[in-house]
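# Chain and residue survey
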Amino acid sequence: MRLFFNQNPIKIIVSSSPIRFCPSPRSLPFTSHYSFYKSPPNPSSVNSNRKPLTTATMATTSKKASSSIGGGVADSEEGIARRFWIKFRKESILAMYTPFVVCLASGNLKLETFRHYIAQDVHFLKAFAQAYELAEECADDDDAKVGISELRKSVLEELKMHDSFAQEWGCSDLAKESIINSATVKYTEFLLATASGKVEGVKGPGKLATPFEKTKVAAYTLGAVTPCMRLYAFLGKELQAFLDPNKSSHLYKKWIDNYSSESFQAAALQTEDLLDRLSVSLTGEELDIIEKLYHQAMKLEIEFFSAQPLVQQTVVPLSKEHNHAEYRLMIYSDFDLTCTVVDSSAILAEIAIITAPKSDQNQPETQIARMSSADLRNTWGVLSMQYTEEYEQCIESIMCIEKAEKFNYEGLRKALEQLSDFEKRANSRVIESGVLKGLNVEDIKRAGERLILQDGCIGFFQSITKNENLNANVHVLSYCWCGDLIRSAFSSGGLHVLNVHANEFTYDESTSTGEIIKKVESPIDKLQSFSDILQNDGNHRKNLTIYIGDSVGDLLCLLEADVGIVLGSSSSLRRVGSHFGVSFVPLFPGVVKKQKEFIEGSSSCWKGLSGILYTVSSWVEIHAFILGS
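Residues numbered from 1 in each chain as written. Predicted model: local features only at pLDDT ≥ 70, side-chain atom pairs only at ≥ 80, totals over all residues. Heavy atoms only, no water.

### A few points about the overall build of the protein
Counting secondary structure elements, the protein contains 23 helices and twelve strands. Burial statistics for the protein: of 629 residues in total, 55% are counted as buried. The long-range share in the protein, meaning contacts at least 24 apart out of those at least 6 apart in sequence, stands at 78%. Within the structure as shown, the protein displays about 25,900 Å² of accessible surface, and the carbon and sulfur contribution to it stands at 48%. (Helix = DSSP H or I, 4+ residues; strand = E, 2+ residues; numbered from the N terminus. Buried < 20%, exposed > 50% of the residue type's maximum accessible area, 1.4 Å probe, protein only. Contact = heavy atoms within 4.5 Å. Areas by Shrake-Rupley, 256 points an atom, 1.4 Å probe, with all protein chains shown as cover.)

See the structure below:
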C-alpha cells in the first residue's frame, strides 16, 4: 500500500452520520502534486509506483472529480462557447470513437458508406444555411449580422465541396439518390425549430416584440450550431495526424484537409465568438437554455455519425465487434488512482488518526490498545518517508539494468521481483507499527461510500454490469489493505457484483486488529491473481482480456492482457516500461492503426504480450473504445 503521509491533514468528521471530508485551512505540503479541486490527479507528477498519499483530494464531497476531457478546466473568465465545449467534451470523444469516424480516419471506409454520409450531410448543411439565415434576420447588431452572413456563405462553399464529390463519382445529385435517415431528420428539425424560436419558454418569431427578444433567438440558434462547427474542427485536426504529407493515398484526404484547414478552424472560432457576443446580455436562465441546446446538438452529432450504415467489420466498439458466442470480455482494473482520485491509504490513515485517543485519554481495557493520535501522526510520517526513499532507490536499481533493445518481458518480470520484495517489506513494517489497529469497520465503509472516483469510472462499470447481452466479467485487482473500502466505494454506485481481489483487514468483532490478510501486495501477486482468475473461469469460451491501470505495479498485467490501457501518465511506469522495450501508444491512433490492418473475417486483432500499451487521459476514452456511444 502507498505510504505517503500528509503532516497537515484535512479533518474527517466521524459520527453516526456518513463520514465527511473537510479541508484544513492550513497549507498542505504534500498536496502540491495534485490539482484536486477541479480535476483528478496527474500521476506523471509523482515519480513513484505508490503515488503520494494526500488527503487534500478529499476536499470535496462530490462523488466524482469535476474534470475536462483531454483539456483544461474552464476558466470563469472564458466565454460560454469555450466553457460548454469543455463541459461536453465527453461527447466529442464518443463521436471520435464511432465506427464511422475510425474507419474514415483509417482511410479504409467503404466508398458506399462515405457516399451515404455525404448525401445525408447535404440535407444537414442546407438546414444549417437556413438556420443561419433566420439567425441573421433576428440579430440586432450589424456586426453580428455580417458575421452570421459570412458563416452562411462558408456553409454554401461546403455544399460546393460536396458537389465536387458527386462529380468525382459521376452522380448528379447525391441528396436525391439517398433517402434522408431518421438521425438526419432529428437533427435538422431540431436546428430549424431552434432557429424559428420554437424553444421551450421562448416566443415564436412572429410574436417577438423587441429587438432583445429577437437577439435571444439568434443566440439560441448559435447555441445549436456552434457545437457542430467546433466538433468538425476538432475531428479535422485529430484526423489530420493520419495523413502522410508525402503521399496523397488517403482516400478521404480532401475531406480531412477541408475540416483541418485554417479557414474552417477560423470559421469555428468565429461561430464561438458570435455566440459569446450574442449571449452577453442574457440572464442565467437564458444561458441555461443555450447550454441545453449545445448539449443536445452534441448528442445529435453522435447519433448522426452512428447512423451511417457500415458494410465492413470494425475494431470498435470492442464489446460489439467480438463474437459473444465465442469470446468473453474479461475486464480487469486497478483501484487506487485508476478508479479513485485519492489513494485509499489516505482514507485509512486519516480514519486511524482522527478516531485515535488523545495522549491524555485513558483507553478501556476491553478495547484494542491504540497509539495516541499524535503518536500515530508521527509514525505515519516516518513510515511514509522511509517508503518514499526506499521506493526511489528500488526504481533506480531497476534502471541500472542494461536497457533492452527490444521488448523484454522476462527481463521486466525479473526486475519487478525487486519491487515486489520491497512492497512486502513495507507492508510488514506497517503491520508491525500498529498504525492500523482500532479502525471501526462501519467508519471504513462510510468512508468508502464518500470516496471520490474518477469521472466516468462508475458510469463505465454500471454500463458493463447492466448490459445483460454483454458477456463480460469485471475484476478489480488492488494493493489496497482493506477490501471493505473498495466494495463500499463501488456499492455506493449500485455496483454490488464486481469481483474485488485485494488484501483484507482482520477484525475483533467490528474493530481492526492491525493485521492484514495478505492477498495482493506486489506486481507479482497481481499477475498471479490475473492468471488464477483466467484459469479458474469455468466458461469454455475464449477470453478477450482488458486491463486498466496506472502504475508500475500494473505493468505485468497490462502486458499480459490482450489490451493494456494505461490511464494517466505515470513517469515511473513509462521509465521502467520503456527501459524494457515497452511502447506506449495513444489509444485513438492505436485503434485507427488496428482498423487499417484489420482483415475481414479474421478473429480478434488484439493479442497480449505484444509489448504495446495504449494510453488514455480519461475513463470516457475507455468507455468509448469498449462500449461505444
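### A closer look at unusual backbone geometry
A cis amide bond links valine 316 to the next residue, proline 317, at an omega of -15°. Along the chain, proline 317 falls in the loop between helix H11 (284–306) and helix H12 (318–321). Unusually for a residue other than glycine, glutamate 509 sits at a positive phi of about 60°. One can find glutamate 509 in the loop between strand S7 (504–508) and strand S8 (511–517).

### Details of the nonpolar core
Counting residues in each nonpolar core, the largest one holds 152 residues, and the members touching the most others are Trp255, Phe305, Phe460, Phe461, Phe490 and Phe625. Shared between two domains, this core takes at least three residues from each, and those domains are domain 1 (80–311) and domain 2 (327–358 + 369–627). Tyr387, Leu419, Leu527 and Ala561 belong to the second largest nonpolar core, which has 34 residues in total. (Core = buried A, V, L, I, M, F, W, Y, C linked by side-chain atoms within 4.5 Å. Domains from an automatic or database assignment.)

### So, the sheet that holds strand S6 (residues 499–501)
The sheet built from seven strands is open, its strands ordered S6-S5-S3-S9-S10-S12-S11 with parallel pairing. Two strands bound the open sheet, and with one partner strand each, they are S6 and strand S11 (583–586). Taken pair by pair, the neighbouring strands of this sheet meet at an average axis angle of 25°, ignoring direction. Summarising the sheet, strand S3 (residues 327–333) and strand S9 (residues 542–549) pair through seven bridges and their orientation is parallel. For methionine 330, the partnering residue across the bridge sits in S9 and is threonine 545. (Pairing = 2+ DSSP bridges. Axes fitted to C-alpha atoms, helices over the stretch in contact; angles between N-to-C directions.)

### Remarks on the environment of tyrosine 327
The topology assignment puts tyrosine 327 in strand S3. For tyrosine 327, a relative accessible area of 8% translates into the label buried. Taking the C-alpha atoms as reference points, tyrosine 327 and alanine 472, separated by 145 residues in sequence, lie 9.1 Å from one another.

### Here we look at the packing of aromatic side chains
Applying the stated rule across the entire model yields 38 aromatic pairs. Seen from their ring centres, phenylalanine 124 and phenylalanine 304 are 6.1 Å apart, and the 35° between their planes marks the pair as tilted. Residue phenylalanine 124 is found in helix H4 (residues 111–138), and its partner phenylalanine 304 is found in helix H11; the two are separated by 180 residues along the sequence. Just as phenylalanine 124 is buried, phenylalanine 304 falls in that class too. (Phe/Tyr/Trp six-rings, centres within 6.5 Å; stacked < 30°, edge-to-face > 60°.)

### Observations regarding the pattern of salt bridges
Using the criterion set out here, one finds 20 salt bridges in the structure. The salt bridge involving arginine 429 is made with glutamate 390; its shortest N-O contact spans 3.3 Å. Of this pair, arginine 429 sits in helix H15 (residues 409–433) while glutamate 390 sits in helix H14 (residues 373–399), and the two are 39 residues apart along the sequence. Overall, the relative accessible area of 18% leaves arginine 429 in the buried class. Note on glutamate 390: relative accessible area 22%, which makes it partly exposed. (Salt bridge = Lys/Arg side-chain N within 4 Å of Asp/Glu carboxyl O.)

### A word on empty space enclosed by the protein
Counting across every chain of the model gives three cavities of 30 Å³ or more. Of the volumes computed, that of the largest cavity is approximately 60 Å³. What lines the largest cavity is Asp121, Phe124, Leu125, Phe128, Glu158, Cys228, Met229, Tyr232, Tyr259 and Phe264. For the lining of the largest cavity, the secondary structure elements donating two or more residues are H4 and helix H8 (211–240). Residue classes in the lining of the largest cavity are distributed as eight nonpolar, no polar and two charged. (1 Å grid on protein atoms, 1.4 Å probe; cavity = no way out; pocket = protein on both sides within 12 Å on 5 of 7 lines; lining within 4 Å. Points joined across faces, edges and corners; volume = space filled by probe spheres on them. Nonpolar A, V, L, I, M, F, W, Y, C, P; charged D, E, K, R; others polar.)

### Some thoughts on the pairing of strand S12 (residues 612–616)
Burial of S12 is extensive: four of the five residues sit out of reach of the surface. Two elements, strand S10 (residues 563–567) and S12, share three bridges in a ladder whose sense is parallel. Along S12, the bridge assignment pairs valine 566 with threonine 615. Looking at chain direction, S11 and S12 are connected through four bridges and run parallel. Bridge pairing in S12 places valine 585 opposite tyrosine 614.

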